[in-house]
Amino acid sequence: GAVVSQHPSWVICKSGTSVKIECRSLDFQATTMFWYRQFPKQSLMLMATSNEGSKATYEQGVEKDKFLINHASLTLSTLTVTSAHPEDSSFYICSAPSGRRSGTDTQYFGPGTRLTVL
Amino acid sequence: QKEVEQNSGPLSVPEGAIASLNCTYSDRVSQSFFWYRQYSGKSPELIMSIYSNGDKEDGRFTAQLNKASQYVSLLIRDSQPSDSATYLCAVIPYNNNDMRFGAGTRLTVKP
């Protein structure tokens, strides 16, 4: 299957700082990538859809000014958690569909980034 | 009604038994269905995709889709302790590209 990487795999930061998470598709191009958040013992929650060359689409209840998304190229999307607080501590996972055909593409997930805000 | 619903479990089966995981979805015109496995602390990994009514087999795994009943299931034959994980059902709504997940079913296979 297609390979998606994330960096860093884990990060610990102080409250009030900003953290950037990178998501890369290594062997395919992705015009769209997705960002999820998962709290312990809960399911994946879609935060936003990252679109190459245009603004991200955020799910209801997700603050776009707090979670900045930039899809700089066909292989890279970044999520920046600005002014992080302890309640932002979570497991952040990105995914990318394997093809360009809407509606049927398998999504491949990055390994995730565990964020801990002290 | 949630878009994708699964029994949260936990589901416990003995080693060698068949584990049956179920999922229902609300969008009648959904066209793509997936099963992912997620180990604790890890990201989901794809097990199977299914797009047409009926059964699809891959090794010990069989996915079953019934669009009329809006129901998709996953059977794991000869369950192994290494199959112990949370299984996520995912659906792509019609003419869309984002994926909606169920809450997941936690499976434990006891040696």
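Basis of the calculations
Residues numbered from 1 in each chain as written. Chains lettered and ligands numbered in written order. Predicted model: local features only at pLDDT ≥ 70, side-chain atom pairs only at ≥ 80, totals over all residues. Heavy atoms only, no water. Helix = DSSP H or I, 4+ residues; strand = E, 2+ residues; numbered from the N terminus. Rg over C-alpha atoms; globule rule 2.2 N^0.38 Å. Buried < 20%, exposed > 50% of the residue type's maximum accessible area, 1.4 Å probe, protein only. Salt bridge = Lys/Arg side-chain N within 4 Å of Asp/Glu carboxyl O.

(A) Representation of the overall build of chain A in the model. Within chain A, the regular secondary structure consists of 0 helices and 11 strands. Reading the secondary structure of chain A in the N-to-C direction produces β-β-β-β-β-β-β-β-β-β-β. Against the compact-globule benchmark of 13 Å for 118 residues, chain A has a radius of gyration of 13 Å, which places it among compact chains. Projected onto its principal axes, the C-alpha positions of chain A cover 40 × 25 × 25 Å. Looking at chain A as a whole, 52% of its 118 residues qualify as buried.

(B) Seen up close, the pattern of salt bridges. Counted by the stated rule, this structure contains 6 salt bridges over all chains. Among the ionic pairs, Glu22(A) bridges to Arg24(A), the shortest N-O distance being 3.5 Å. Judged by its relative accessible area of 25%, Glu22(A) is partly exposed. The partner of Arg77(B) in a salt bridge is Glu57(B), with the nearest N and O atoms 3.4 Å apart. Taken together, the positions of Arg77(B) in the loop between strand E8 (71–76) and strand E9 (85–92) and Glu57(B) in strand E6 (residues 54–58) put the pair 20 residues apart, joining distant regions of the chain. Classification of Arg77(B) as partly exposed rests on a relative accessible area of 26%.

All quantities given are derived from atomic positions and should not be read as evidence of function.
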